[in-house]
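Structural description and commentary
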Amino acid sequence: SMASPALLMRVVASAYSVAEKAATIVRNVMAAGDLGIVEKTGANDLQTKADRLVQMSICASLARKFPKVTIIGEEELSADEVTEELIEDGHCEEILKKTCPAQYTGIKEEELVIWVDPLDGTKEYTEGLLDHVTVLIGIAYGGKAIAGVINQPYYNYEAGADAVLGRTIWGVLGIGAFGFQLTEAPAGKHIIVTTRSHSSTLVNDCISALNPDSVIRVGGAGNKVIQLIEGKASAYVFASPGCKKWDTCAPEAILHAVGGKITDIHGNSFQYNKEVKHMNSAGVLATLRNYDYYASRIPNTVKQSLVP
């Protein structure tokens, strides 16, 4: 008989289905019209009913299947009874058919940490910029992001009534990333994608120093990494502390699975072990290609202002 799939592949296959369920919840909350918006630390730090329901759904669904895995979500929620309709028990068969990379075959549940951003781009969600919104499930082992799922609940939402709404991108280091068409940014063009709602003098000074051909300002870390892997931007630059581990874990795994690179502004890798602080306090620098070109041009004044 065939050996059962390795734990990592089972976790990714479940996370895929869990992310699709999350997308349905996100769309249903929007369609119902009552977003239930709460300000957390201010007008740019919002939580909606979708953030709350999706996090409960993702965390409870994965915890039920993989009880010893550490799961860290963005939202601080009371452990209320999660209703059964929030639980997703399915998995993606296609993922289970892939061979687990040898270095990950022996992983035990208690060695995995899952970082969950139930709705990345909440502010954009509340403003109707629906293509900015993603659901992020990142899987870490030994402090490194090794697999991830990014769902875009509103992918294709402007393509007309017949279009299939939403898509799920997934990746595992050593296997690759799937669910999108890998495209490189135009050669010789320096197109920078950065924050839309968390701008500052430092953010803008850093971008100016890179002398870009153009700058794209969008919400969501997941969305920004998608801009890189689909060739719409050549670098994601954010010279500010606002980003957290749940914003970068899933996108990092997908970007690294296709040969890209993400670090803080100093070039340090992000660590994802369960004890780590949640804030990526030294910003973000990411590219699909030509990382060194951008890294070498980050001004020292910017680096000195951002302490890891």
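Residues numbered from 1 in each chain as written. Predicted model: local features only at pLDDT ≥ 70, side-chain atom pairs only at ≥ 80, totals over all residues. Heavy atoms only, no water.

1. A closer look at the overall build of the chain
What counts here: Per the convention used, a helix needs a DSSP run of H or I reaching at least four residues, while a strand needs a run of E reaching at least two, with both numbered from the N terminus. Computation of the radius of gyration draws on C-alpha atoms, with the globule rule given as 2.2 Å multiplied by the number of residues to the power 0.38. For every residue, the accessible area obtained with a 1.4 Å probe (protein chains only) is divided by the maximum for its type, and the residue is called buried under 20%, exposed over 50%, and partly exposed between those limits. The contact rule is simple, with two residues in contact once any of their heavy atoms fall within 4.5 Å. The protein chains shown are the only cover counted for residues, whose accessible areas, like all others here, come from Shrake-Rupley with a 1.4 Å probe. This count recognises Lys and Arg as positive and Asp and Glu as negative, with His and chain-terminal groups excluded. Where a charge sits is defined by one atom per residue type, namely NZ (Lys), CZ (Arg), CG (Asp) or CD (Glu).
Looking only at helices and strands, the chain has nine helices and 13 strands in total. Taken over C-alpha atoms, the radius of gyration comes to 18 Å for the chain, in line with the 19 Å a tight globule of 308 residues would show. Judged by the C-alpha coordinates and their principal axes, the chain covers about 55 × 45 × 40 Å. In the chain, which comprises 308 residues, the share counted as buried stands at 54%. Sequence separation of 24 or more characterises 71% of the internal contacts of the chain that already satisfy a separation of 6 or more. Of the roughly 13,100 Å² of accessible surface on the chain, 49% is carried by carbon and sulfur atoms. Treating the 28 positive side-chain charges of the chain as one cloud and the 35 negative ones as another, the clouds have centres 5 Å apart.

2. Topic: unusual backbone geometry
Of note, the phi angle at N156 is positive, near 80°, even though the residue is not glycine. With respect to the helices, strands and loops of the structure, N156 is situated in the loop between β6 (144-152) and β7 (167-172). Not every positive phi belongs to a glycine, and N211 is a case in point at roughly 50°. Among the structural elements, N211 can be located in the loop between α5 (201-209) and β10 (214-217). Exposure remark for N211: the relative accessible area of 62% places this residue in the exposed category.

3. Looking at the pattern of salt bridges
Stated precisely, the cut-off is as follows: Salt bridge criterion: a side-chain nitrogen from Lys or Arg within 4 Å of a carboxyl oxygen from Asp or Glu.
Taken as a whole and assessed by the stated rule, the structure comprises eleven salt bridges. Of the charged contacts in the structure, one is a salt bridge between R64 and E84, with a shortest N-O distance of 2.8 Å. Here the residue R64 occupies a position in helix α2 (residues 49-65), and E84 occupies one in the loop between β3 (70-73) and α3 (93-96), the gap between them amounting to 20 residues. Ionic contacts of the salt-bridge type, sharing partners, join the residues K40, D45, E74 and E75 into one network.

4. Notes on the domain arrangement of the chain
Operational definition: For the domains described, the bounds stem from an automatic or database domain assignment. Buried area, as used here, totals the accessible surface that two parts lose on assembly, with accessibility defined by a 1.4 Å probe and the loss added over both. Counted as a polar contact is a pair of N or O atoms within 3.5 Å, where, for protein atoms, one must be capable of donating a hydrogen and the other of accepting one, and residues adjacent in sequence contribute only when both atoms are in side chains.
Structurally, the chain comprises domain 1 (7-178) and domain 2 (191-305). One C-alpha centre belongs to domain 1, the other to domain 2; they are set 21 Å apart. Counting residues at the interface gives 41 residues for domain 1 and 31 residues for domain 2. Buried surface at the junction of domain 1 and domain 2, summed over both partners, amounts to about 2,700 Å²; 63% is from carbon and sulfur atoms. Across the domain 1-domain 2 interface, the total number found is three salt bridges. As a salt-bridge pair, R196 and E127 come within 2.5 Å of each other at their nearest N and O atoms. Taken together, the links from domain 1 to domain 2 amount to nine residue pairs in polar contact (both at pLDDT 80 or more). Those elements that provide at least two residues to the side of domain 1 that touches domain 2 are β3, β4 (112-120), α4 (122-127), β5 (134-141), β6, β7 and β8 (176-178).

5. Topic: the packing of aromatic side chains
To keep it simple, the criterion reads: Between rings of Phe, Tyr and Trp, where Trp is taken as its six-membered ring, a pair exists when centres lie within 6.5 Å; planes separated by under 30 degrees are stacked, by over 60 edge-to-face, and by other angles tilted. Comment: the charge-over-ring label is applied if NZ (Lys) or CZ (Arg) is within 6 Å of the ring centre and within 35 degrees of the ring normal.
Summed over the entire model, instances satisfying the criterion amount to six aromatic pairs. When the centroid spacing of 5.0 Å and the interplanar angle of 80° are considered together, the rings of Y293 and Y294 count as edge-to-face. Classification of Y293 as partly exposed rests on a relative accessible area of 28%. Cluster of aromatic residues (ring-pair linked, three or more members): W115, W246 and Y272. Over the face of the ring belonging to Y291 we find K261, whose NZ or CZ atom lies 4.4 Å from the ring centre.

6. With respect to the environment of Q152
Considering the arrangement of structural elements, one finds Q152 in strand β6. Sequence spacing of Q152 and T168 is 16 residues, and the spatial spacing of their C-alpha atoms is 6.4 Å. Filtering out sequence-adjacent residues up to four positions away, Q152 remains in contact with D131, V133, T134, G166, R167, I169 and I226. Only 2.6 Å separates the side chain of Q152 from the side chain of R167, close enough to count as a polar contact.

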